[in-house]
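As a plain string of letters, each chain reads:
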Amino acid sequence: MVKNAMTFFKTRFDNHHKLYTHPNTVAAGYMICDILLLADAFIKLSTQSESEGSMKHSSTGEYYTRAPFLPISRANLHPESYLRLKDSILDVIETTSCENLKPARLLLKRFRARDLYKKVASEAIICSDGKNIDLGWQRELWYMDELETCKKIVKCGKISEGSTIELKEDDIIIEKLAIHHGMGAENPVSRMRFLPKSQLSKLREAPENLPIAEEVSEKQYESTMPRAFLQRTLRVYCRKSSDDTCDHLKTCFYQFIEHVKKHAANGGFDDASDPSNNDNTINVLSQSPARASNDTFGLSNHSFMSNRSHEPQRKRPRRSLKEMVDERINSP
């Protein structure tokens, strides 16, 4: 029974490794995300039902009509709108003739043709104990902000001699992939309790006489245990389909790796980059809305990634997303 349980979690790991996080699967997810970001500013979802009438403003007492539309990215704030948001939104974008949606349509056409973003490079992060990263330069690489990584890769491309290919930050996607067996770096079977077959007959006795399931020592199934329960990999994708651009990005990435190694060897890595000392989180998608306002999405062909210039100032008090949307919806 214990070996069967371990096999179950290993199958989970294999499915994530071979299917759910396959480069083509991830690339398709990035493309759909980019399509929706490009269309977000121009596709509006209705928030009104036919029976809904005027509403009274809480402060002025005047009657007004609720704002009738929300962008795609805010549909979750209105349950009825969210329920109407389905995969068919891609068909809506594809059939529209709006000039502002042309970048989204072109990217969607590329998606339909299966001209997906390409994985150009990857770096396996070594963790001998499954928890802590062994090499200092890999710790610096793993905990570096994705946007900062893109910027430094582009910088490596600018100083490359003999290259005529222009590389932009928007051409690069950095994926920090972490696959585990269900409990991160821990053994999931260690949280399970098992009952020997000799005790199964006692399961029909009174509650006070029921046998107690116990933890099984790892020594009894160590032959089926993996050496580590967590696997980290940093992968680089290119948004452009040009083979020359992909090859150039691959070269720049490995030049950047050499730069990180030299920087770490000179004491560049410090405790400030360790996630235990700050609140930084690892984003699977580089287009995380937390990095930029949705008002900036879809403004140009290069708006696939967040724009640092639109980040709110740290010194200013921040309002929650819900407060800002409610203010816009409830304004007369």
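In what follows, the structure referred to is the one given above.
No experiment lies behind these values; they were computed from the predicted model shown.

### Remarks on the overall build of the protein chain
A count of helices and strands for the protein chain gives 9 helices and 7 strands. Taking all 332 residues of the protein chain together, the buried fraction comes to 37%. Contacts spanning at least 24 positions in sequence make up 73% of the contacts within the protein chain whose residues lie at least 6 apart. When the accessible surface of the protein chain is totalled, it reaches about 20300 Å², and 50% of it is carbon and sulfur.

### Overview of the sheet that holds strand β5 (residues 118-125)
Taken together, 3 strands build an open sheet; the order of strands is β5-β7-β6 and the sheet is antiparallel. Edge positions in the sheet fall to β5 and β6 (172-180), since each of these pairs with one other strand and no more. Within the sheet, the average angular offset between the axes of one strand and its neighbour, ignoring direction, is 25°. The pairing of β5 with strand β7 (residues 230-238) spans 7 bridges and is antiparallel. Looking at the pairing, Ile125 lines up with Arg232 of β7.

### Quick notes on a nonpolar patch on the surface
Residues Leu200, Leu203 and Leu210 make up a contiguous nonpolar surface patch of roughly 260 Å² in combined accessible area. You can see Leu203 is positioned in the loop between β6 and β7. Classification of Leu203 as partly exposed rests on a relative accessible area of 48%.

### Observations regarding the packing of helix α2 (residues 23-39) against helix α5 (residues 102-112)
Closest axis-to-axis distance for the α2/α5 pair is 8 Å, and the angle between their directions is 160°. With respect to α5, the axis of α2 lies roughly antiparallel. Along this stretch, α2 crosses α5, giving a crossing that reads as left-handed. Residues Ala28, Met31, Ile32, Asp34, Ile35, Leu38 and Ala39 of α2 touch α5, and the partners they reach there are Pro103, Ala104, Leu107, Leu108, Arg110 and Phe111.

### Notes on the pattern of salt bridges
On inspection of all chains with the given rule, the structure shows 10 salt bridges. For Lys118, the salt bridge goes to Asp243, with nearest N and O atoms at 2.7 Å. Pair noted here: Lys118 is in strand β5 and Asp243 is in helix α8 (residues 243-265), with a separation of 125 residues, a long-range link. Between Arg193 and Glu215 there is a salt bridge; the shortest N-O distance is 3.8 Å. In this pair, Arg193 sits in the loop between β6 and β7 while Glu215 sits in the loop between β6 and β7, placing the two residues 22 residues apart along the sequence. Each member of the salt-bridge network shares a partner with another, and the members are Asp91, Glu94 and Arg112.

### Things to note about the packing of aromatic side chains
Summed over all chains, the structure comprises 3 aromatic pairs. Here the aromatic rings of Phe8 and Phe9 are separated by 5.3 Å at their centres, their planes lie at 75°, and the arrangement is edge-to-face. The class of Phe8 is exposed, set by a relative accessible area of 55%. Given the relative accessible area of 15%, Phe9 is considered buried. Ring centres of Phe253 and Tyr254 lie 5.2 Å apart, and the angle between their planes is 65°; this geometry places the pair in the edge-to-face category. Taking the relative accessible area as the measure of exposure, Tyr254 reaches 33% and is therefore partly exposed.

### A closer look at the packing of helix α6 (residues 136-143) against α8
Any two packed helices are characterised by how steeply their axes cross, that is the angle between the axes, and by the distance between the axes. In the contact formed by α6 and α8, the axes pass within 8 Å of each other and the chain directions differ by 120°. As the angle between them shows, α6 and α8 are arranged oblique. As α6 runs across α8, the sense of the crossing is right-handed. Of the residues in α8, those in contact with Gly136, Trp137, Glu140 and Leu141 of α6 are Phe256, Ile257, Val260, Lys261, His263 and Ala264. Considering only residue class, the contact of α6 with α8 consists of 6 nonpolar, 2 polar and 2 charged.

### A short note on the nonpolar core
Ile153, Ile172, Val236, Leu249, Phe253 and Phe256 are the most contacted members of the largest nonpolar core, which totals 23 residues. Elements that contribute at least two residues to this core include exactly β5, α6, α7 (146-158), β6, β7 and α8. Counting residues per element, this core draws most heavily on α8, at 8 residues. The next biggest cluster of nonpolar side chains, apart from the first, holds 22 residues, and it includes Leu38, Ile89, Ile93 and Leu107.

About the criteria used
In this convention, every chain numbers its residues from 1, walking through the sequence in written order. pLDDT decides what is reported in this predicted model: residues at 70 or higher carry local features, side-chain atom pairs at 80 or more are listed and counted, and totals for whole chains, interfaces and linings draw on all residues regardless. Heavy atoms throughout the structure, all of them, feed into the side-chain values; hydrogens and water do not. Strands here are runs of E lasting at least two residues and helices are runs of H or I lasting at least four, both read from the DSSP assignment and numbered beginning at the N terminus. Only protein chains enter the accessibility calculation, which uses a 1.4 Å probe. A residue is then buried if its area is under 20% of the maximum for its type, exposed if over 50%, and partly exposed in between. The contact definition used throughout considers only heavy atoms, calling two residues in contact when any of these lie within 4.5 Å. In short, Shrake-Rupley with a 1.4 Å probe defines the accessible areas, and a residue's cover is counted only from the protein chains shown. Here, strands pair whenever DSSP counts at least two bridges between them. Orientation is described by axes fitted as lines to C-alpha atoms, over the contacting stretch for helices, and by angles from 0 to 180 degrees between their N-to-C directions. The patches reported here contain residues having more than 30% relative accessible area and no salt bridge. Joining distances are 9 Å for like charges and 5 Å for nonpolar side chains (Val, Leu, Ile, Met, Phe, Trp, Tyr). Think of a salt bridge as a Lys or Arg side-chain nitrogen and an Asp or Glu carboxyl oxygen that are within 4 Å of each other. Any angle that is under 35 degrees is reported as roughly parallel, and any over 145 degrees as roughly antiparallel; angles of 65 to 115 degrees are reported as roughly perpendicular and all others as oblique. Each crossing gets its hand from how the near helix is turned against the far one by less than a right angle, where anticlockwise is left-handed and clockwise is right-handed. Working definition: a ring pair exists when centres of Phe, Tyr or Trp rings (six-membered ring for Trp) sit within 6.5 Å. Plane angles under 30 degrees give stacked, over 60 give edge-to-face, the rest tilted. Side-chain classes are defined by residue name, with Ala, Val, Leu, Ile, Met, Phe, Trp, Tyr, Cys and Pro counting as nonpolar, Asp, Glu, Lys and Arg as charged, and the others, Gly among them, as polar. Throughout, nonpolar core names a set of buried Ala, Val, Leu, Ile, Met, Phe, Trp, Tyr and Cys residues whose side chains join them through atoms within 4.5 Å.

Shape descriptors only; they carry no functional weight alone.
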